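# Structural description and commentary
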Amino acid sequence: ELERAVGARLPAGERLGRACRRSPVLLYVGGIVLITLMLAGQLVAKAHGSAVNVWILGLVGVLSMVAASQLAVALVNWAVTLLATPQALPRMDFSAGIPPECRSLVVVPTMLAKAGNIEELIEGLEVRFLANRDANLHFGLLTDFSDAADEVEPEDEGLLRRARQGIEDLNGRYKAAGGACFFLLHRPRRWNAQERRWMGYERKRGKLGALNVLLRGGPADAFSLTVGDTAKLTGVKYVITLDTDTQLPRDAARELVGAMAHPLNRAHYCEDVERVCEGYGILQPRVGASLSGAAQ
């Protein structure tokens, strides 16, 4: 609107990039098809000028299309990197700390499979906390048991006791250091008639759905065990979800929350289309592979 009001004259490259972004799928697929037809057409035209029969010419056409399409995809992908350059999202400056109205929760959906695994989960949670210490940032594990033929297995109680003790130890160890708060939210097994086994309902998505219900003031009946001061979860606005092998670098949580909290990025739900039509309801940051993660 400002550009139109002042009659701004944009550079040719900027105008071309904007035009391409208006119909990205059409340009991407159309570019691949056009380049493929041009390259394959040249090869077929040369073969047509030779003394070959129709069957050989048809075979040349098919092989030319296959070969040309590979080159076309590579060329279009290269061109896309020139036209669709990444742009950093605006974000709020939360370097001094996350404000109370943006209280956030870092959760790791996972399974309690063995004792050694639980120790790694607790240690990983502590490492993420130490790199992202903030009074309005909390950390938790969303857990359930592995699939089983019975609802309760003999080792379940011991695994749950270890997980509970680990979270309580973290809360006790860092209680005086800025009011750190760690949580354990555990779901029981449910009977899956299709799989004919006892298992966690919908795994990761099911755990996150139950967590959202709890954060929005709903009941916690989806969880058979909750450890930690769940009263502090009432004001949580943002949830950062990590895999068990995902790291959270120093102050990365503040950067993520700052991006979600920026007015230009806030999600706007449109009733007529029943979806978020402006801003972002979910953000996935750039993901990089560490040396240890690549080795695994």
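Residues numbered from 1 in each chain as written. Predicted model: local features only at pLDDT ≥ 70, side-chain atom pairs only at ≥ 80, totals over all residues. Heavy atoms only, no water.

## Quick word on the pairing of strand 9 (residues 275-278)
Keep this limit in mind: Only strands joined by at least two bridges in the DSSP assignment are considered to pair. By definition, any uninterrupted DSSP run of H or I lasting at least four residues is a helix, any uninterrupted run of E lasting at least two residues is a strand, and each is numbered from the N terminus.
As paired strands, strand 8 (residues 268-270) and strand 9 are joined by three bridges and run antiparallel to one another. Residue Cys 270 lies in a different strand from strand 9, and its bridge partner there is Arg 275. Here strand 8 folds back onto strand 9, and the loop between the two strands holds four residues, one of which, Glu 274, carries a positive phi near 55°.

## Some words on unusual backbone geometry
The test is simple: Exposed residues in this analysis have more than 50% of their type's maximum accessible area, buried residues have under 20%, and partly exposed residues fall in between, with area computed by a 1.4 Å probe over protein chains only.
A positive phi angle, close to 55°, is found at Arg 196, a residue other than glycine. Relative to the elements of secondary structure, Arg 196 occurs in the loop between strand 4 (190-192) and strand 5 (197-199). Of note, the phi angle at Glu 274 is positive, near 55°, even though the residue is not glycine. The residue Glu 274 is located in the loop between strand 8 and strand 9 in this model. Assessed through its relative accessible area of 61%, Glu 274 is described here as exposed.

## Things to note about the packing of aromatic side chains
Using the following cut-off: Two rings from Phe, Tyr or Trp (for Trp, the six-membered ring) form a pair when their centres are within 6.5 Å of each other. A pair whose planes differ by under 30 degrees is stacked, one over 60 is edge-to-face, and the rest are tilted.
One pass over the structure, following the stated rule, counts six aromatic pairs. In this structure an aromatic cluster arises from ring pairing among Phe 129, Phe 139, Tyr 174 and Phe 182.

## Describing helix 4 (residues 54-83)
Side chains of residues three or four places apart in an α-helix project in the same direction, reflecting 3.6 residues per turn. Applicable threshold: Expected span, for any helix, means 1.5 Å times one less than how many residues it has. Note on definitions: a residue-residue contact is assigned when non-hydrogen atoms from the two residues lie within 4.5 Å.
Compared with an ideal rise of 1.5 Å per residue, which puts 30 residues at 44 Å, helix 4 spans 41 Å between its outermost C-alpha atoms and is within 8% of the ideal. Turning to helix 4, its buried residues are Leu 57, Gly 61, Ser 64, Ala 68, Ala 72 and Val 76. Those residues of helix 4 hidden inside the fold are in contact with helix 3 (24-48).

## Notes on the sheet that holds strand 2 (residues 137-145)
We apply this condition: Whenever a helix is involved, its axis is fitted only over the stretch in contact; in every case the axis is a line through C-alpha atoms, and angles between N-to-C directions fall within 0 to 180 degrees.
Overall, mixed pairing links the five strands, which are arranged 6-3-2-1-7 in an open sheet. Strands at the two margins of the open sheet, each flanked by one partner only, are strand 6 (225-227) and strand 7 (238-241). Each neighbouring strand pair of the sheet contributes to a mean axis angle of 20°, computed without reference to strand direction. Bridge analysis of strand 3 (residues 182-187) against strand 6 gives three bridges, and the strand direction is antiparallel. Across the sheet, the residue bridging to Leu 184 is Val 227, located in strand 6. Packed onto the sheet, helix 7 (residues 203-215) meets strand 1 (104-112), strand 2, strand 3 and strand 7 and runs at close to 140° relative to strand 1. Packing of helix 8 (residues 252-261) onto the sheet brings it into contact with strand 1, strand 2 and strand 7, and relative to strand 7 it is tilted by some 135°.

## Considerations on helix 5 (residues 115-131)
When the terminal C-alpha atoms of helix 5 are compared, their 25 Å separation across 17 residues agrees well with the 24 Å that a helix rising 1.5 Å per residue should span. All of the buried residues along helix 5 are Asn 117, Ile 118, Leu 121, Ile 122, Gly 124, Leu 125, Glu 126, Arg 128, Phe 129 and Ala 131. Of the surrounding secondary structure, the elements contacted by the buried residues of helix 5 are strand 1, strand 2, helix 6 (156-173) and strand 3.

## Re the pattern of salt bridges
To be explicit about the condition: Salt bridges are identified by distance alone: a Lys or Arg side-chain nitrogen within 4 Å of an Asp or Glu carboxyl oxygen.
Under the defined criterion, the tally for this structure stands at 13 salt bridges. Linking Glu 255 and Arg 91 is a salt bridge whose minimum nitrogen-to-oxygen distance equals 2.9 Å. Of this pair, Glu 255 sits in helix 8 while Arg 91 sits in the loop between helix 4 and strand 1, and the two are 164 residues apart along the sequence. Take Glu 255: its relative accessible area is 42%, and that puts it in the partly exposed class. Judged by relative accessible area, Arg 91 falls into the partly exposed class, the value being 40%. Its salt-bridge partner being Asp 156, residue Arg 189 comes within 2.6 Å of it at the nearest N-O pair.

## A closer look at the nonpolar core
The condition that has to hold: The definition of a nonpolar core used throughout is a set of buried Ala, Val, Leu, Ile, Met, Phe, Trp, Tyr and Cys residues joined through side-chain atoms within 4.5 Å.
Within the largest apolar cluster, 34 residues are counted, with the highest numbers of intra-cluster contacts made by Leu 112, Leu 125, Phe 139, Leu 141, Ile 167 and Phe 182. Sorting the residues of this core by element identifies strand 1, helix 5, strand 2, helix 6, strand 3, strand 6, strand 7 and helix 8 as the ones contributing at least two each. Contact partners of Phe 139, with chain neighbours within four places excluded, come to Leu 105, Val 106, Leu 125, Arg 128, Phe 129, Asn 132, Cys 181, Phe 182, Phe 183 and Leu 248. Among the nonpolar cores identified, the runner-up in size contains 14 residues, and Leu 142, Leu 208, Leu 214 and Phe 223 belong to it.

## Some details on the state of the cysteines
The test is simple: Disulfides are defined as pairs of cysteine sulfur atoms found within 2.5 Å of each other.
Per the counting criterion, the structure on display carries one disulfide. Disulfide pairing places Cys 270 opposite Cys 277 at an S-S distance of 1.6 Å. For Cys 277, a relative accessible area of 32% translates into the label partly exposed. Of the cysteine sulfurs around Cys 102, a residue in no disulfide, the closest is that of Cys 181, at 18 Å. With a relative accessible area of 6%, Cys 102 lands in the buried category. Relative accessible area serves as the criterion here: at 4%, Cys 181 is assigned to the buried category.

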